[in-house]
Every structure is written in C-alpha cells, then in structure tokens.
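# Structural features, examined
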Amino acid sequence: MVRVLITLEPRMYREAIALALRRSRPDSEVLLAAEESLNGQVHDFAPHVLVRSDSGREVPEEKLGSVVCRVEVLYTDHMGVRVSVAGGASYTIEDASMDDLISLVDEAEGLISG
C-alpha cells in the first residue's frame, strides 16, 4: 500500500487532491498536513509520495526517508509540477492534471513493491 503525504498550500488544494486520490486509489493511505509539520510527518508517517508547494524551501534529502516520489506544485499560469523520483530522475509536467498525479502514485507503488 502506497502512503501519500500532502502538505500543499492552500489547504483547499490539499483537501481536493486528497479527495480525488482517495476516490481513485482507495487502498492508498493519504495524510494531510501543514507544510510547517513536514519534517515530523515524513518521519512518523513514512510516506512514499510527497505532494507539496514549491515554497522555495528545500527539504534535505536525509529528511525524506521513505519518499520515492516528490511532487512540487509550481504556482504559475499553468500549474505545472516538478517531479523527483528516487534514483535521480527529475522532470517537469506542464499544466498537470489529476491523472498525472494518479500515474505518479501508481509509479511510486510500483517502485516500493519491487
């Protein structure tokens, strides 16, 4: 089972994404938290996917623990996301959709299940 931590701001965005993920991937465990509690939540919840705002504040790699996919929402005209996958792959999806995010959750699940 893949665990997803959503710290995206504003709260309405993280709630909407959590609702969509819970409906499309009901076996996934989804936790919402404020960005300020990120370090403690990463350690305690041990998420595989982290969805957060591109706040300019980097999360040190050693703090990411079990995260195999990090998704940072870029607040631009087109709501792109920067994706970082364990193993070094990093890319941007312009005008990202919920289908893109669900695909990333599926990819993370594949990575953790071997």
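Throughout what follows, the structure given in this document is the object of discussion. (Residues numbered from 1 in each chain as written. Predicted model: local features only at pLDDT ≥ 70, side-chain atom pairs only at ≥ 80, totals over all residues. Heavy atoms only, no water.)

Once that is clear, we can look at the overall build of the protein. Along the backbone of the protein there are three helices and six strands. Scaling as 2.2 N^0.38, a compact globule of 114 residues should have a C-alpha radius of gyration of about 13 Å, and the protein matches this with 13 Å. In terms of principal-axis extent, the alpha carbons of the protein reach across some 35 × 30 × 25 Å. The buried share of the protein, taken over its 114 residues, is 39%. For the protein, restricting intrachain contacts to residue pairs at least 6 apart in sequence, the fraction spanning at least 24 positions comes to 44%. Carbon and sulfur atoms form 50% of the exposed surface of the protein, whose accessible area is close to 6,200 Å². In the protein, the 11 positive side-chain charges and the 20 negative ones have mean positions that sit 5 Å from each other. (Helix = DSSP H or I, 4+ residues; strand = E, 2+ residues; numbered from the N terminus. Rg over C-alpha atoms; globule rule 2.2 N^0.38 Å. Buried < 20%, exposed > 50% of the residue type's maximum accessible area, 1.4 Å probe, protein only. Contact = heavy atoms within 4.5 Å. Areas by Shrake-Rupley, 256 points an atom, 1.4 Å probe, with all protein chains shown as cover. Lys, Arg positive; Asp, Glu negative; His and termini not counted. Charge placed at Lys NZ, Arg CZ, Asp CG, Glu CD.)

A separate point is helix α3 (residues 98-112). Taking 1.5 Å of rise per residue, the 15 residues of α3 would be expected to cover 21 Å, and the 21 Å separating its terminal C-alpha atoms lies within 8% of that figure. Among all positions in α3, only L101, I102, L104, V105 and A108 are buried. One side of α3 carries all its buried residues, which in axial view fall inside an arc of 155°. Those residues of α3 that are buried are in contact with β1 (3-6), α1 (11-24), β3 (49-53), β4 (69-74), β5 (80-85) and β6 (90-93). At the N-terminal boundary of α3, the capping side chain belongs to S97, with an oxygen 3.3 Å from the backbone nitrogen of D99. (Expected span 1.5 Å × (residues − 1). Arc of directions from axis to C-beta. Polar contact = N/O pair within 3.5 Å; in protein donor to acceptor, adjacent residues only side chain to side chain.)

Moving on: unusual backbone geometry. E9 connects to P10 through a cis peptide bond whose omega is 0°. Tracing the chain through its elements places P10 in the loop between β1 and α1. Look at A46: it is not a glycine, yet its phi comes out positive at around 50°. Its place among the elements puts A46 in the loop between α2 (38-45) and β3.

For the rest of this paragraph, the subject is the sheet that holds β3. Read across the open sheet, the six strands follow the order β2-β1-β3-β4-β5-β6; overall the sheet is mixed. Only two strands of the sheet have a single neighbouring strand rather than two, namely β2 (29-32) and β6. Each neighbouring strand pair of the sheet contributes to a mean axis angle of 15°, computed without reference to strand direction. On top of the sheet, α1 reaches β1 and β2; it is set at about 170° to β2, its chief contact. (Pairing = 2+ DSSP bridges. Axes fitted to C-alpha atoms, helices over the stretch in contact; angles between N-to-C directions.)

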